[in-house]
Amino acid sequence: MKEIYHSVKLVEENCIGCSRCMTKCPMEAIRLKNSKAVIYEEKCIDCGECIKVCQHNAHKADLDDIEAIKDFKVKVVIPSVTIYTQFGSYINPSLINEAVKSLGFDEVYDITYACDIVSEIIKKEIENTPKPVIGSFCPAVVRLIEVNYPTLIEHVIKVLTPIEVAASLIREKYAKLNYKPEDVGIFYITPCVSWITKVKNTALNRKSQINGAIPMSDIYPSLLKYVNKNKSSYTEKSTNMSYTGVLWAVSGGQCRSMEMDEFISVDGTKNVIKVLNDIENGKFSDVKYVEPYACDGGCVGGVLLVENPYNAKRIALNLNEHINFEYRFGGLSDGLKNKFTVENNINKNYDIKLADDFESAVKKMKYMNNIINSLPGNDCGQCGSPSCRAFAEDVVKGLSSLNECKFIR
Amino acid sequence: MRDEFIKLNYEIKSRDFINGGEASSCVKKALMQLGIKSAIIKRVCVACYEAEMNVVIHTLGGNMEVIIYNNKVEITMKDQGPGIGDIDLAMTEGYSTAPDEAREMGFGGGMGLPNIRKSSDEFYINSVLGEYTLVKIIINY
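Rules and cut-offs
Residues numbered from 1 in each chain as written. Chains lettered and ligands numbered in written order. Predicted model: local features only at pLDDT ≥ 70, side-chain atom pairs only at ≥ 80, totals over all residues. Helix = DSSP H or I, 4+ residues; strand = E, 2+ residues; numbered from the N terminus. Rg over C-alpha atoms; globule rule 2.2 N^0.38 Å. Buried ≥ 20, exposed ≤ 12 C-beta atoms within 10 Å, placed from the backbone. Pairing = 2+ DSSP bridges. Axes fitted to C-alpha atoms, helices over the stretch in contact; angles between N-to-C directions. Parallel < 35°, antiparallel > 145°, perpendicular 65-115°, else oblique. Left-handed = near helix turned anticlockwise from the far one by under 90°. Contact = placed C-beta atoms within 7 Å. Nonpolar A, V, L, I, M, F, W, Y, C, P; charged D, E, K, R; others polar. Expected span 1.5 Å × (residues − 1). Arc of directions from axis to C-beta.

Asker: What is the right way to read the overall build of chain B from this model?
Answerer: Broken down by element type, chain B carries five helices and five strands. Scanning chain B from its N terminus toward the C terminus, one meets helices and strands in the order β-α-α-β-β-α-α-α-β-β. Its C-alpha atoms give chain B a radius of gyration of 15 Å, near enough to 14 Å, the size a compact globule of 141 residues would have. With respect to the principal axes defined by its C-alpha atoms, chain B has extents near 45 × 30 × 25 Å. A burial count over chain B gives 38% of its 141 residues as buried.

Asker: In this structure, what is going on with the pairing of strand 3 (residues 36-39) of chain A? I would like to understand it.
Answerer: Every regular strand shows the same layout, with side chains that alternate between the two sheet faces. Residues and elements named next belong to chain A. Only one face of strand 3 is buried: it carries Ala37 and Ile39, and the other face, with Lys36 and Val38, is open. As defined by bridge partners, strand 2 (residues 30-33) adjoins strand 3 across four bridges and the pair is classed as antiparallel. Looking at the pairing, leucine 32 lines up with alanine 37 of strand 3. Hairpin connection of strand 2 to strand 3: two residues between the antiparallel strands, including asparagine 34 at a positive phi of 50°.

Asker: Explanation requested: the packing of helix 14 (residues 358-374) of chain A against helix 15 (residues 388-396) of chain A in the structure shown.
Answerer: Two numbers describe a pair of packed helices, the interaxial angle and the distance between the axes. Residues and elements named next belong to chain A. At a minimum axis separation of 9 Å, helix 14 and helix 15 run at an interaxial angle of 140°. Judged by the angle between their axes, helix 14 and helix 15 are oblique. Between helix 14 and helix 15 lies a crossing of right-handed hand. Between helix 14, through Lys364, Tyr367, Met368, Ile371 and Ile372, and helix 15, the contact on the second element is made entirely by Cys388, Arg389, Ala392, Glu393, Val395 and Val396. Its residues assigned to classes, the contact of helix 14 with helix 15 shows eight nonpolar, no polar and three charged.

Asker: Would you explain the interface of chain A and chain B in this entry?
Answerer: How big an interface is tends to be expressed through the accessible area that disappears when the partners come together. In this complex, chain A contributes 15 residues to the contact, which on the side of chain B involves 21 residues. When residues of the side of chain A that touches chain B are traced back to their parent elements, those giving at least two are helix 11 (269-280) and helix 14 of chain A. Sorting elements by how many residues they give to the side of chain A that touches chain B places helix 14 of chain A first, with six residues. Class assignment of the residues belonging to the side of chain A that touches chain B gives a composition of seven nonpolar, four polar and four charged.

Asker: Teacher, can you tell me more about the pairing of strand 3 (residues 72-80) of chain B here?
Answerer: Residue and element names in this part refer to chain B. The side-chain alternation of strand 3 yields one buried face, formed by Val73, Ile75, Met77 and Asp79, and one unburied face, formed by Lys72, Glu74, Thr76, Lys78 and Gln80. Across seven bridges, the pairing between strand 2 (residues 62-68) and strand 3 is antiparallel. For isoleucine 67, the partnering residue across the bridge sits in strand 3 and is glutamate 74. Between strand 2 and strand 3, which pair antiparallel and follow one another directly, the connecting turn spans three residues. Bridge count between strand 3 and strand 5 (residues 132-140): nine bridges; the pairing is antiparallel. Each residue of the ladder has a partner; that of glutamine 80, found in strand 5, is tyrosine 132.

Asker: Which parts of the structure should I look at to understand the sheet that holds strand 11 (residues 289-293) of chain A?
Answerer: In a beta sheet, neighbouring strands are held together by backbone hydrogen bonds and run either parallel or antiparallel to one another. All names here are of chain A. The parallel open sheet is built from three strands, whose spatial order is 7-11-10. Of all strands in the sheet, those with a lone pairing partner are strand 7 (133-134) and strand 10 (263-267), marking the two edges. Bridge analysis of strand 7 against strand 11 gives two bridges, and the strand direction is parallel. The partner of isoleucine 134 across the bridge, within strand 11, is valine 290. Helix 11 contacts strand 10 and strand 11 of the sheet and is inclined by roughly 145° relative to strand 10.

Asker: Explain the environment of glycine 17 of chain A to me, please; I cannot follow it from the model alone.
Answerer: Residue and element names in this part refer to chain A. Relative to the helices and strands, glycine 17 resides in the loop between strand 1 (8-10) and helix 1 (20-24). Sequence-wise, glycine 17 and valine 38 are 21 residues apart; in three dimensions their C-alpha atoms are separated by 9.9 Å. Those residues in contact with glycine 17 that lie beyond four places of it in its chain are Leu32, Ser35 and Lys36.

Asker: Which parts of the structure should I look at to understand helix 11 of chain A?
Answerer: Under the 1.5 Å per step criterion, the end-to-end length of helix 11 of chain A is 16 Å for twelve residues, consistent within 8% with the ideal 16 Å. Considered for burial, the residues of helix 11 of chain A that qualify are Thr269, Val272, Val275, Leu276, Ile279 and Glu280 of chain A. Seen along its axis, helix 11 of chain A keeps its buried residues to an arc of 140°; they face one direction. For helix 11 of chain A, the exposed residues lying more than 90 degrees away from the buried face are Lys270 and Lys274 of chain A. Among the structural elements, helix 2 (49-53), helix 5 (139-148), strand 10 and strand 11 of chain A together with helix 1 (22-33) and helix 2 (38-58) of chain B are those in contact with the buried residues of helix 11 of chain A. Of the residues trailing helix 11 of chain A, glycine 282 of chain A is marked for its positive phi of about 95°.

Quick look at the structure:
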């Protein structure tokens, strides 16, 4: 099995073994071993929940430093659309882009254009996908489907994300200007940790290669300084961003940008799990599209953002009053559609089976069910597993030993 | 070792819409842990869920037994309840006797039994009016 990179890491010296992350992890991917948290990587979807709940900074994201941009001749940055919602109230997006550029970039790429391309592709591709179609733009949700919902893989829309589309367009542009691929550094300013994972795991795809993911929270102080210094003297330039693209920052925004009628937008990993369970049970076949986000409120709820997600949502929704909105993407050529449609953007390297052959798996399951019957079932967590069922599975897999439960009958 | 199998048992409570669907989630997890293919899991999920919700909506409660072999899954659902008077009619798509309470929650579309039959390779139903309904589903692989 191919090893998959994870961006959420444990800082062992900060961990006091409080078990808060273990009980809050929606994937039951965290254990306590010798009073320290341990992340079981095959279950982790990099949703960032443990980072949010840890009060001791013991969960951290493996991030790129802005210094990394210095390795490239041309430095292009793709800011997440959430960036335009992070300054308390309306700030002209052009000023924010200028602030980003001042960090040392040569070009700030407008991702809202890529969002519109992707919207157009989804509108067409939705016809070729079983209903309800599931959006693939939250990498944590895609991973959740890979790990726990392999039956739903065919429902996932087969299109690149706006970030990949943007990177691919940037690479094309600079190739035409005779730059070598290795001279062009493309960086994504990310609101969340799952994007870091996605960027690192797709690093080998040259066409849409992104060289690094920079956390919004790291550059925020510099941006804020720039914005505060210049906002009073800033003469309103017309902003040619797409308002429909900006909406991708909030839950429900994708569907609004596509003028979709029968859709479900769901945010928060636990809520997404409820919706995926229902789809698996055969419900929602009358729903066209499901727009899922691991973070509360959509991307504005990302763990690396600063602004209150609900205020950020207000700012995003109000931006249409300020943006010189123009839907620049009229017709979609088949060439463009094919370029950004992917055969399969799902990684099937997950397997939760207990053993390779059926007979051994049955034996292990019988043993596991016997253990479950002798456990108290109160999920006290003192064994270091988040629930009695998870503990039984750990024992069968050889990851825990029975005597770690003090209440076993 | 051809008779190796896993037997799972779930009690399904009447009118328990909150936990309705729990049993099929547990069955799904077990199938994944046993390495059963996704296409099969999907059919089992639909069959189990519909059978489970039928018991929740229409009956006084029941019991679901799932036996997983290395070549098939057998699901047997037996409930205590009103029974079905006209089975052929109950198997008609769109025919429903669901109470208003269930319909208001989006259930009772009259697709339960037809969907179960569609998802299964073998389907048996037996009912005594005023006593019970027994549904047996086999999905081969």
